[in-house]
Amino acid sequence: MSLTRKTVLATMLGAMFTLGACSDGKDGAQGPQGPEGPQGPEAPKPPLVITSAQAQVLEWTYGDGTVNVTFAIQNQDGENIETLDRVQLMSTVTDENGMLADTIDVTYQAGSDSSVGSLEHTGDGVYSLVVPQDGVTADSTGIGYVRPGWRSANDGVPRTKRIMFSDSDNLAMVQTTDDAKCVACHGEFDAASGNATWGWHQHHHALDNDQNVVVVEACLVCHTDVQKENGGWANNTMAMFGHGKKFDADNGMVSSGHTALWSNYSMDMKRCSTCHMDDVVFTATINGCATCHTNLQDPNNGLGVDHSGFTDANCTSCHNADGGFYYDHNNGKARDEALNRYSFDVLSVARSDDKANILVTVKAMDADGNAVDVTAIDPMDATPRGWATVMKNGEAMLPGRDAGHVARSTGVAAGSEADTYVYTIEHALPYMDGEVLLGGVDGRIFHNKDGASPRAPITVSNVKDVRRTSSDGLKCLNCHTEGLDGHGSQRGGFDLGGDACVQCHSAYNWEHDKQDKDHPMAWGPFVHNMHFGAYNEERDLGKMPTVDRNKKVECVACHTGDIDLANVAPALVLNGMDKNNVYGITPIAANCATCHTGAAAKAHMENNGGDFNVAVTPAGTHMGESDSFNVFDPEPVVESCSVCHSPAKMAEYHSY
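Below is a summary of the structure that appears in this document. Keep in mind that what you see is a predicted model, and the values were worked out from it rather than measured. (Residues numbered from 1 in each chain as written. Predicted model: local features only at pLDDT ≥ 70, side-chain atom pairs only at ≥ 80, totals over all residues. Heavy atoms only, no water.)

Re the overall build of the chain
Looking only at helices and strands, the chain has 13 helices and 25 strands in total. In the chain, which comprises 656 residues, the proportion classed as buried is 42%. For the chain, the share of sequence-separated contacts (at least 6 apart) that also reach a separation of at least 24 residues comes to 62%. When the accessible surface of the chain is totalled, it reaches about 33900 Å², and 51% of it is carbon and sulfur. (Helix = DSSP H or I, 4+ residues; strand = E, 2+ residues; numbered from the N terminus. Buried < 20%, exposed > 50% of the residue type's maximum accessible area, 1.4 Å probe, protein only. Contact = heavy atoms within 4.5 Å. Areas by Shrake-Rupley, 256 points an atom, 1.4 Å probe, with all protein chains shown as cover.)

In structure tokens form, the structure reads like this:
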């Protein structure tokens, strides 16, 4: 073995030296190209890995009795999928009245004897699907989607999201509602799981070719303009869901969904722009109107005109823009006018020279930007009034004029500067060194100038400058469009939304006549309880649309940014039993316990500084407008929850 190695090495070295001796340092001439050798067999391609898939609709048309869709499908890495053998198609076309009515749901599966139509692979991940649909022609219009793949990836190509038919001459332009308005209340639809108990079918959204979520048009594929018994696909039309009247098993209509938002504390059912696009021109239809006017076609309903035999074609002869029937469905134009009639701006909230009162200095302008003399506003037109209170530990201190409210102005006078006006607030708590003041103007503006309902709120204050918040009060107005008309309607409104409510819904609001010993009225616990918590369940209130108990909650529906428990104001949340006996709950525990109601959860909170029964004794008395009240001023309490419950963990477990 040693000899062989030496012989090979000597031969190699000899060859190298020989080449070196012959070289003159220059390359020789290029020799002729030899013939190409035989090609070896092509290496087999590795199998395509498909863990997920996405599709695009390239082209679609209606033919004579068919729906024709060309689409492309790729895997998660953007590689073309050539092995698709299953695709679902839903298509809905308009009827002779222009209403979306006729729907098919067809799933083509290669090799299945029950499949109708055809699926042709044309290469590069592109497929041509042809499905029969009775009654359609090349001139038909409609909407629909394709959904290639299988529910389980074990069966073949995993199923994509629903992909809507793209814009074309055949597409029915049916959308009167902006998807963003749905998202404002329901949360982002792409976060919805396949669990229909969470999100109310929100996982049934679709995508467009740019992979953006499509809401309204996706819903209309099934929930068309016509109920099932009249030729539609589903028992509930999109209008029924939107207007809040839902089909029941007895072929009647029951209040559901959005109807729950028509109470005094929420939506204005006649303010169409809450959900509809602002520039939509509405056409009256029997099916649309009957979703609210459920006895419309009952000949014995007492109407001056018998509607029982009417069809959609009859509606516009009377219900048109010139017919005077649109007053109640005018997109809130009268309210919008009232909201814009006066615009107040708070310039300062400060103590008077003698420290006895609080002065709220404001300016006001009309809709044209002209200065308004606040002292001359007719109370039959609007009722602006100043208010103020002292802040303590980040919360409004109460009482003011009575046991559970801020102090209010006794009058307004011209200020020392041009076009400024000063509200004098009496009955506020006495001056405290280093105090922070919260104040502003609220009231009502009347639509019809006669002092009768309906009305619009005035709300302006310095609350965003002096009070910490982890939410945006204006988000409340996505659902509570009327500024809580009927409760606090001269305070909660369009300038501040829910942020206006904290002037009364403070941690220090202990008012015994308005309290439930288990549900404090402080803003955080109150909102969580009303929308998600035990209070909601006990009183069977309308559920938030993104909420199912023990499912993740869309906190971003109200909150903005990180929720950091280390920043929670340490004000003890008071709860009243009577005017002389009050107890407190530590602030984080008061919020968390609204949903986490079990004994183990409460014990966990108590082990980390929480307390549900802090004894609070009066710290003195205060003279309100007509009586004196005890003042409760407990020491702040800091809990240690933020040590473990970081913003990241809060986000993980509460889905925001």
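Observations concerning the nonpolar core
Phe 344, Val 360, Val 362 and Tyr 423 are the most contacted members of the largest nonpolar core, which has 51 residues in total. Beyond its immediate chain neighbours, meaning those up to four positions away, Val 360 contacts Val 346, Ser 348, Val 349, Trp 387, Ala 388, Tyr 421, Val 422, Tyr 423, Ile 425 and Gly 440. (Core = buried A, V, L, I, M, F, W, Y, C linked by side-chain atoms within 4.5 Å.)

Observations concerning the pairing of strand β18 (residues 421-425)
Looking down a regular strand, the side chains alternate between one sheet face and the other. Extensive coverage of β18 is indicated by the burial of four of its five residues. Pairing of strand β14 (residues 358-366) with β18, which is carried by five bridges, proceeds in the antiparallel orientation. Following the sheet pairing, Leu 359 is matched in β18 by Thr 424. In this structure, strand β17 (residues 407-414) lies alongside β18, joined through five bridges in antiparallel fashion. Opposite Val 412, over in β18, you have Tyr 423 as the bridge partner. The turn linking β17 back onto β18 is made up of six residues, and Asp 419 within it adopts a positive phi angle of 60°. (Pairing = 2+ DSSP bridges.)

Remarks on the pattern of salt bridges
Going through the model one piece at a time under the given rule, you end up with eight salt bridges. The partner of Asp 381 in a salt bridge is Arg 341, with the nearest N and O atoms 2.4 Å apart. Residue Asp 381 is found in the loop between β14 and β15 (385-392), and its partner Arg 341 is found in helix α7 (residues 333-341); the two are separated by 40 residues along the sequence. Taken as a pair, Asp 381 and Arg 341 share a single burial class, namely buried. Where salt bridges share partners, they join Glu 337, Arg 341 and Asp 381 into one cluster. (Salt bridge = Lys/Arg side-chain N within 4 Å of Asp/Glu carboxyl O.)

So, the sheet that holds strand β4 (residues 100-109)
Strand order in this open sheet of six strands is β4-β3-β7-β8-β9-β10, and the pairing throughout is mixed. Each edge of the open sheet carries a strand with a single partner, namely β4 and β10 (213-214). As paired strands, strand β9 (residues 206-207) and β10 are joined by two bridges and run antiparallel to one another. Each bridged residue has a counterpart across the sheet, and for Ala 206 the counterpart in β10 is Val 214.

Some points on the sheet that holds strand β21 (residues 573-578)
With respect to topology, three strands assemble into an open sheet ordered β21-β22-β23, the strand pairing being antiparallel. Of all strands in the sheet, those bounded by a partner on one side alone are β21 and β23 (614-616). Within this sheet the neighbouring strands show an average axis-to-axis angle of 35°, counted without direction. Looking at chain direction, strand β22 (residues 581-585) and β23 are connected through three bridges and run antiparallel. Considered in β23, the bridge of Tyr 583 is made with Ala 615. (Axes fitted to C-alpha atoms, helices over the stretch in contact; angles between N-to-C directions.)

Notes on the packing of aromatic side chains
As enumerated under the stated definition, the model contains five aromatic pairs in all. Ring-pair connections join several aromatic residues into one group, and the members of that group are Trp 60, Tyr 62 and Phe 165. For the cation-ring pair, Lys 355 lies above Tyr 431, with the distance from its terminal atom to the ring centre recorded as 4.9 Å. Here the guanidinium or amino end of Lys 602 rests over the ring plane of Phe 612, the centre of that ring lying 5.3 Å away. (Phe/Tyr/Trp six-rings, centres within 6.5 Å; stacked < 30°, edge-to-face > 60°. Lys NZ or Arg CZ within 6 Å of the ring centre and 35° of its normal.)

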